[in-house]
Amino acid sequence: MSQAPRIVVRDGASELDRAAILRALITHNEKAGGPSGFQQVCLVVEDPDTGETTGGLWGRIIYDWLFVEFLAVPETARRSGLGTELLSRAEQIAKDRGCAGVWLDTYQFQAPDFYRKHGYQEFGRIANHPRGSQRLFFMKTF
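Just so it is clear, the model here is predicted, and its values are computed rather than measured. (Residues numbered from 1 in each chain as written. Predicted model: local features only at pLDDT ≥ 70, side-chain atom pairs only at ≥ 80, totals over all residues. Heavy atoms only, no water.)

Draft legend 1. Spotlight on the pattern of salt bridges. Under the definition given, this model contains nine salt bridges. Here D105 makes a salt bridge to R135, at a shortest N to O gap of 2.8 Å. Taken as a pair, D105 in strand β4 (residues 101–107) and R135 in strand β6 (residues 134–141) lie far apart in primary sequence, 30 residues in all. Residue classification places D105 among the buried positions, given a relative accessible area of 18%. When salt bridges that share partners are traced, they join D113, R116, E122 and R125 into one network. (Salt bridge = Lys/Arg side-chain N within 4 Å of Asp/Glu carboxyl O. Helix = DSSP H or I, 4+ residues; strand = E, 2+ residues; numbered from the N terminus. Buried < 20%, exposed > 50% of the residue type's maximum accessible area, 1.4 Å probe, protein only.)

Written as structure tokens, this is what we have:
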């Protein structure tokens, strides 16, 4: 008779731990919802002199939606239109790949008005996260 699984807390979890958890989740999801169609979306902002990545957009397409995990514009390029270009290009990639829309989250102290200005609608929020602020969830359908 085999023993029951046990829970172990790992303060220094590895990429192998993450991959194993993700593999279990993907196996379950694809049995229940069919193939996710996972596709990585990455647009980088490079320093023209050094070629170093200084910002960009990181996301993934899963089940016909693009989730934008990170969007970062270098401090020196803010309010230059670079953030708009990153978001617009990611939206076009999502459209070209047949997505229904884009969703993302941001903190109240980051850029909620930027996303509203680009047609995103708030669909949820977590109050007092982090304490004294809020986490906001936005989506845009095509």
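We are not done yet, so read on.
Draft legend 2. Structural view of helix α2 (residues 82–96). The end-to-end C-alpha separation of α2 is 21 Å, in line with the 21 Å expected for 15 residues at 1.5 Å each. Here α2 has its buried residues at G83, L86, L87, A90, E91 and A94. Down the axis of α2, the buried side of the element spans an arc of 130°, and every buried residue falls inside it. Where α2 is buried, its residues contact β1 (39–46), β2 (53–62), β3 (65–72), β4, α3 (112–117) and β6. At the C-terminal side of α2, G98 shows a positive phi close to 80°. (Expected span 1.5 Å × (residues − 1). Arc of directions from axis to C-beta. Contact = heavy atoms within 4.5 Å.)

Draft legend 3. Structural detail: the sheet that holds strand β5 (residues 121–127). Read from one edge to the other, the open sheet built from six strands follows the order β1-β2-β3-β4-β6-β5, with strand pairing classed as mixed. In this open sheet, the two strands that pair with only one neighbour each are β1 and β5. Strand-to-strand twist across the sheet, computed as the mean angle between neighbouring axes with direction ignored, equals 20°. When β3 meets β4, the two strands line up parallel, connected through four bridges. The residue of β4 that forms the bridge with W65 is G101. Lying over the sheet, α2 contacts β1, β2, β3, β4 and β6, oriented at roughly 155° with respect to β1. (Pairing = 2+ DSSP bridges. Axes fitted to C-alpha atoms, helices over the stretch in contact; angles between N-to-C directions.)

Draft legend 4. Molecular detail of helix α1 (residues 15–33). The terminal C-alpha atoms of α1 lie 26 Å apart, and with 19 residues this matches the ideal 27 Å at 1.5 Å per residue to within 8%. Residue S14 occupies the N-cap position of α1, its side-chain oxygen lying 3.2 Å from the main-chain nitrogen of L16. Positive phi appears at G34, one or two residues downstream of α1, with a value of about 85°. (Polar contact = N/O pair within 3.5 Å; in protein donor to acceptor, adjacent residues only side chain to side chain.)

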